[in-house]
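Here are the chains, one letter per residue:
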Amino acid sequence: MGLEAFRTECQHEVYTSIPNQRFDNPRLTSTLQAIRAGLHSPLTRIEVYRTLAAYPELWNVYENNTEESFLHLWEMPVAGEEYIIGVDCSEGLNPEGIADFDCLHIFSANSWAQVGVLRGRWESFEFAQLIDAIGNLYGGADKVLISVLRNKGESVLSHLLHNHDWQKRIGRDWGGLYYYDEQEILNRVDITAVGGRKPGMPENVATKPVMVTALADAIKEDVLILRDEKTVQECLTYVKLPGGRTGGMSGTHDDC
C-alpha cells in the first residue's frame, strides 16, 4: 500500500500528500495527533470565568465560540511571567475570494508555549479593544509585548496608540507596542534610537522570508509549543508558491 497512502487512508492524516509544504510535516502531524487526543485541551469555562468576567468584551467572544470565530486559552496569567502577543489584521478577501480573519496569538516569553489564540472578524476599533483587553489581562505594558503586522493593521495600531495608550517599545526594552527598525531585524543589530522606527512589523519581500524561516526553524527544532488545532492545520497547508513566495494553498486560510 505504501506508507504515505496508509497514513492518509487508514490514519486519516490528510496533510501528508500536500506538495511543497513549507513547514516540518512530521513534527506538525505529531502535534496535531496530540491535540486531537486531548493532550492540549483549552481551559474550561469554569476555569476562565472568574478572570474573564472582568473583561466583558473577551467574555462575550468566549461565550459565543464557534469553529470560525473563537477565543481559546490554555494558561491564565502567571505572576512574573512575560508574554508576547502577535497580531494579524484582516484584509477583506484573498485572491481566491475567501474572507480573511483577524487573528491574535499569545505566547509565553519564557517557554514559547501557545497560551491563547483569538480569531474572528471585527471592525478595527473592536479588534483593538480586544487586543487591549488581552494585553491588560496578561499584565499590561510592563509584562506584554504586542507586535502588530503593519500591513492591514495601521488602523488597529492607531487605536492602540491613541485610544488605549500603549507605550512604544524602544530597543530591547520589554513591554509595550513593538516599533520596527529594519536594521534590528535584518542585521540583528541592537538599535536603541527612536528615529526611523515605525509601529508594527511590516510584511514585505525583505521581512516575510525572515519571519517564515524563523517560524520554520522553531517548528522543526520543537521550540514552539503549539496547542491550537486550527493553527497547526494552517501550518500544514502553508506551502511554497511560484516566484519564491509562500502562503496558504488554494482554498485555505493562513491567518493563524
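Below or above, wherever it landed, is the structure these notes cover.

Cut-offs applied
Residues numbered from 1 in each chain as written. Predicted model: local features only at pLDDT ≥ 70, side-chain atom pairs only at ≥ 80, totals over all residues. Heavy atoms only, no water. Salt bridge = Lys/Arg side-chain N within 4 Å of Asp/Glu carboxyl O. Helix = DSSP H or I, 4+ residues; strand = E, 2+ residues; numbered from the N terminus. Buried < 20%, exposed > 50% of the residue type's maximum accessible area, 1.4 Å probe, protein only. Pairing = 2+ DSSP bridges. Contact = heavy atoms within 4.5 Å. Polar contact = N/O pair within 3.5 Å; in protein donor to acceptor, adjacent residues only side chain to side chain.

1. Quick notes on the pattern of salt bridges
Part 1 of the argument: Going through the model one piece at a time under the given rule, you end up with 9 salt bridges.
Part 2 of the argument: The shortest N-O distance in the salt bridge between Arg227 and Glu75 comes to 3.0 Å. Here Arg227 is found in the loop between helix H8 (207-220) and helix H9 (229-236), whereas its partner Glu75 is found in the loop between strand E1 (70-73) and strand E2 (83-88), with 152 residues between them in sequence.
Part 3 of the argument: We classify Glu75 as partly exposed; its relative accessible area is 23%.
Part 4 of the argument: For Asp88, the salt bridge is made with Lys152, and the minimal N-O distance between the two is 3.3 Å. Separated by 64 residues along the polypeptide, Asp88 in strand E2 and Lys152 in the loop between strand E5 (144-148) and helix H6 (154-163) bring together distant segments of the chain.
Part 5 of the argument: What makes Lys152 partly exposed here is its relative accessible area of 28%.
Part 6 of the argument: Through salt bridges with shared partners, one network takes in Glu68, Arg119 and Glu234.

2. Considering the pairing of E2
Part 1 of the argument: The element E2 is largely enclosed, with a buried count of 5 among its 6 residues.
Part 2 of the argument: Bridging between E2 and strand E3 (residues 102-108) involves 6 bridges; their strand directions are antiparallel. Across the sheet, the residue bridging to Tyr83 is Ser108, located in E3.

3. What about the environment of Asp255?
Part 1 of the argument: Secondary-structure assignment places Asp255 in the segment after strand E10 (246-248).
Part 2 of the argument: Distance in space between the C-alpha atoms of Asp255 and Asp88 is 6.8 Å, their sequence separation being 167 residues.
Part 3 of the argument: Setting aside chain neighbours within four positions, we find Asp255 in contact with Asp88, Asp100, Phe101, Cys103, Arg119 and Glu234.
Part 4 of the argument: There is a polar contact of 3.3 Å between the side chain of Asp255 and the backbone nitrogen of Phe101.

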